[in-house]
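The chain contents come next:
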Amino acid sequence: MLNFPLQLIPEKDKDEAWHKLHIDVFTGALGTSNSRFTASKEDEFKNYRTYNSIYEPNLKKYITAPNGKAINQKYEVWPLARQKVRQLVSDFMSRPKKKKVSTINKEAENRKEKHELDLNLSRALKKIDAELSEVLGFDVNGEKNAEEQAQMEIPENIEKYMAMTYREGAEDSLQIGVDYLLYAKKLIESFKYGFIDCMITFKSFYKVYILDGNPHWRRIDPRNCFYDLPFESEYLDDCQWFVEERWLTVNQIVAEYELNQNEVKQLENISKNGQSSVSGWVDWKIGEGLKVKVTSIEWKSLMMKKVKVSPNKHNADKPFYKSVEDTYKERKGEKVETRVVDDIRECTVIGDVITKNFGRVANQVRSVDSPEKASLSYVGIIGDATTDMQHSLVKELEYLQDFASDILFTIRKVSKKLGKRALVYDMSQIPKQFINQANKDKNGTGPLQLVMHHLSEDSLIAINSKDESNKGKASSFNQFKEVNLSPSGDVTELVNLLALIEDLASKVSGVSPQREGQTDQYETASGNRSSIISSTRRTEIYMKPYDGLIQRVLEKAINLTKIAWKDGKKARFFMGDGSMAVLNALPDIALNDYGFYLNDGGKDMQLKDKIDQAAANFLQGTQDPEMILQMIKVFKQETGDEAEQILEAGLNKLSQIQKQAAEQEQASNQEIAKVTEEGKEKDREVKREDTKAKVDIAKINAGVKIDIAEMYSEDTRDITSAQEKGKAFAENAKIEQAKSNFRNAQKR
C-alpha cells in the first residue's frame, strides 16, 4: 500500500489539504523510475496498439528498408488478434444470461425458512384432511376452505421451488429493476466494451455510483487507472485504494463537476495558456484539441464511531446498534461503544489547480448484518493476478500477428517479381549522381546501397568488371546477360507458412476455424459441432471470470437501490425483446441486503442448443398448429432454463392432448364396439325370431304329421284288426270244417 497519511485522526483535521495529500503521494510514487505502475501501463498501451493494428515504423525497417532505402510498398498489419477478439465478443454477447436477485441477510433467510416450513406443514395437513375426508365420507374443511386450499397451490418439490422459483416482493421488484438498468438506461452496452478491454489486457474496471437518482456504472479504461493489487483473488473485492486518471475537455469538466466562478476562470486560464502550473497536467493533440488531466482517488479510510447498544428481547445474542454523534454523552442505563469502522473517502484534482469532491463518499452501501464494513465504488478484475503477469489473448497473439504481417508483406513483394528477369550490372558503371547522392546522404547510405535498392525495385544485379583481382583492367564479360528472378516456389511456401500461423493462432486462442464458420469439405455435421463445443470450452477461461465481474457490478448496483430508490421507484419500459415491463419498487427494499446470481453462460448455452435441437426435431414431426407455436416459443427464449420450462409445458400439453386423443379413441372404440354389439344383437334377434318361426312351423308340421300318423295308425289298427279277425274266422272256419269232417268220418 502507498504511504498515505494517518487515517485515525479527528474529523476536523481531514481537510482539503489532507485529502489532496493522498493524490500527491500517488503522483510521487508514479513518477519514480522503477515504478511498477509505469511498467504495467507500457504493456497495456502496447496491447491496444496490437489490437488496433498499429505498428512502429522504426521496428519494421528490417523489412521495409532492408538496404537503408525504403521499399515502395506500404506495410500493413494483418488484424489477426482483432479477428479472434471480435469472434469472442460476438459469442459473449449471444450467451444466455439468467439473472436472479436474492435477499441474503439473516432476517430474510429466516422468512424464507418459515415460508418453506409453512408449505411443508400445509402439504402434511392437506394429506391428513384428504385421508380423514375419505374415511368420514365428507369434506372436513367445508366448501369455503376447500376453495381456499385449491387456490393455494403447493409445489411438488418444495425444496427446488424455494431454491429456484420462490421470490419475495422485494426480490421480484428488483429483478425487474435489473432489466430497467440494463435496457431502459442502456447500460448493457458497457459490458461489451469492458469485455474487449478484458481480451486486450485481461483487465476490466467499472465505477458503480448513483446518477440522476438511479444506480449507474461507467466503464474505466484500464490504461487510465491504478489500484491496490489483490492477493488471493482476481477481483477488487477488498481493494484499499483506486486512482483514475482521465483526460477531459474543458466542456466535459464543466458539465461533470460543479465549479464556482473562480474555478471556471482558473480552468479557462489553463485552456487559454495551454499549460498548467505543473507539467504533465495539460495535453494537446491534433484532432482532439486541448485536454486537461483529471485525477480522482478513492480509498478505504478508518474512523472512530460511537454506537448505542440496546438489548434485543427476541435475540439476546444480537443486540441493536444505533449510530450517534461523536459528541453524544452516555446517559444512565445506556451502553455506548466506540468502534473502528470503514470510511470511504474521495478526492479529485483538476489540472493540479482545482480540488473537488473531497471528503466522505456520499452513498456508502453497508451490510445490514455487518454495518462496520464498506467497499469502494470501483469494481474490477485483474486476470492471473496471483501470477504477477497478465496473459491476455491479444498479448498471446502479438508475435503471431507480427509474423503473419511480415509474411503478407513479403508475399506482396515477391509476387511483383513473378515472371521478371534482372539485368547484369557493372559496378564500375555506377552513375556519378549515385556517388554524389551517397556522399550527401546524412544517413550513411552508400552508392552500393543505392544500387541494391534499385536492384530490388528495378530488378538489376550489380557486378564490377574492374575489380582488384584484375588490376583495374576490364575483364572480359562472359556471364549471363540476365538472371531469372521469378520466385517459382516462394509464394507457395509463404502461403503454407501463413496457413500454419493461422492454425497456431486458433490453438493459442482456442477459437477454432469451425467456430468462425470455416468448415472442411469432407467434415461431418457432428464433427463440426464437436469442434465448436470444444472451442467454446477452451475460451471459458476468458468468459467465466468476466461473468463474475458482471455479477459483482450488478450486485453493487442492486444494493445501491437501497439509497437511490429509498422512497420507491415506478417506471414502465421496453425489454430487450420489445415486450413491456413495469417496475414498482417499494421503500421496504432498503431493509434487506441483496445478492445477485448470474448463471454459467457456457453450460446454459450448451443446454439451450440441445433443447433447441430437440424442439427442432419435434417441430418436423408435428402438424398441430398449437404445438408448432409452442416450439417456436422455445427458440425465442434467452436461457436454457426458460426454454426448458416452455418445452416442458409444451410436452405436458402434448401429453394431455395425447391422453385426450387416447380417451376419445377409447370412447370411440367403445361406441363402435357398442354399435357393433347392438348390430350383432339385432342379427341374433332376427336369427332367434327366424329360428322360432322355423320351430313353430316345425311344430305345426310335426303336429300335422302326428295327427296324420295317429289317423293312419288308427286305420292301420282297424285293418289289422279286421285282417286278424278274418284270419281268426278263417282259422276257426277251418277248424270247424276239420271238426265237421272228423265227425263225418267217424260217422262213416
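Look up: the structure comes first, before these words.
Residues numbered from 1 in each chain as written. Predicted model: local features only at pLDDT ≥ 70, side-chain atom pairs only at ≥ 80, totals over all residues. Heavy atoms only, no water.

K.L.:
Let's hear about the state of the cysteines: which residues, and what values?
P.N.:
Applying the stated criterion to the full structure yields 0 disulfides. We note that Cys225 lacks a disulfide partner, and the nearest cysteine sulfur, in Cys239, lies 9.8 Å from it. Since its relative accessible area comes to 0%, Cys225 is described here as buried. (Disulfide = S-S within 2.5 Å. Buried < 20%, exposed > 50% of the residue type's maximum accessible area, 1.4 Å probe, protein only.)

K.L.:
Please provide a residue-by-residue account of the sheet that holds strand β2 (residues 203–211), values included.
P.N.:
Taken in spatial order, the 3 strands line up as β3-β2-β11 in an open sheet, and their pairing is antiparallel. Across the chains shown, the open sheet's two edge strands, defined by having one partner strand only, are β3 (214–220) and β11 (378–382). Taking the axes of each pair of neighbouring strands and ignoring which way they run, one obtains an average angle of 20 degrees across the sheet. Helix α9 (residues 189–201) rests against β2 and β3 of the sheet, and its axis sits at about 150 degrees to β2. Packed onto the sheet, helix α17 (residues 540–564) meets β2, β3 and β11 and runs at close to 10 degrees relative to β2. (Pairing = 2+ DSSP bridges. Helix = DSSP H or I, 4+ residues; strand = E, 2+ residues; numbered from the N terminus. Axes fitted to C-alpha atoms, helices over the stretch in contact; angles between N-to-C directions. Contact = heavy atoms within 4.5 Å.)

K.L.:
Provide a residue-level description of the pairing of β2, including the pertinent values.
P.N.:
For β2 and β11, the ladder comprises 5 bridges, and the chain directions are antiparallel. Across the sheet, the residue bridging to Ser204 is Ile381, located in β11. Counted along the chain from β2 to the antiparallel partner β3, the turn is 2 residues long, and its residue Asp212 has a positive phi close to 55 degrees.

K.L.:
Would you mind going over the pairing of strand β5 (residues 241–248) in detail, with residue names and values included?
P.N.:
Judged by how many residues are buried, β5 sits mostly within the fold: 7 of 8 residues are covered. Here 3 bridges tie strand β4 (residues 225–227) to β5, and the two strands are oriented antiparallel to one another. Looking at the pairing, Tyr227 lines up with Phe242 of β5. Of the strand pairs in this sheet, β5 and strand β7 (residues 289–310) are connected by 8 bridges, and their pairing is antiparallel. Bridge pairing in β7 links Leu248 to Val292.

K.L.:
Residues and numbers for the packing of α9 against α17, please.
P.N.:
Taken N-terminus to C-terminus, the directions of α9 and α17 make an angle of 135 degrees; their axes are 11 Å apart at the nearest point. When the axis of α9 is compared with that of α17, the two are oblique. With respect to the hand of their crossing, α9 and α17 are arranged in right-handed fashion. Together, Ser190, Phe191, Gly194, Phe195, Cys198 and Met199 of α9 and Tyr542, Met543, Tyr546, Ile550, Val553 and Leu554 of α17 make up the contact between the two elements. (Parallel < 35°, antiparallel > 145°, perpendicular 65-115°, else oblique. Left-handed = near helix turned anticlockwise from the far one by under 90°.)

K.L.:
For helix α19 (residues 625–636), give the residues involved together with the corresponding values.
P.N.:
Given a rise of 1.5 Å per residue, 12 residues ought to cover 16 Å, and the 17 Å separating the end C-alpha atoms of α19 matches this to within 8%. Regarding α19, the residues found buried are Met627, Gln630, Met631 and Val634. Down the axis of α19, the sector holding all buried residues measures 95 degrees, keeping them to one side. For α19, the exposed residues set more than 90 degrees away from the buried face come down to Pro625 and Lys636. (Expected span 1.5 Å × (residues − 1). Arc of directions from axis to C-beta.)

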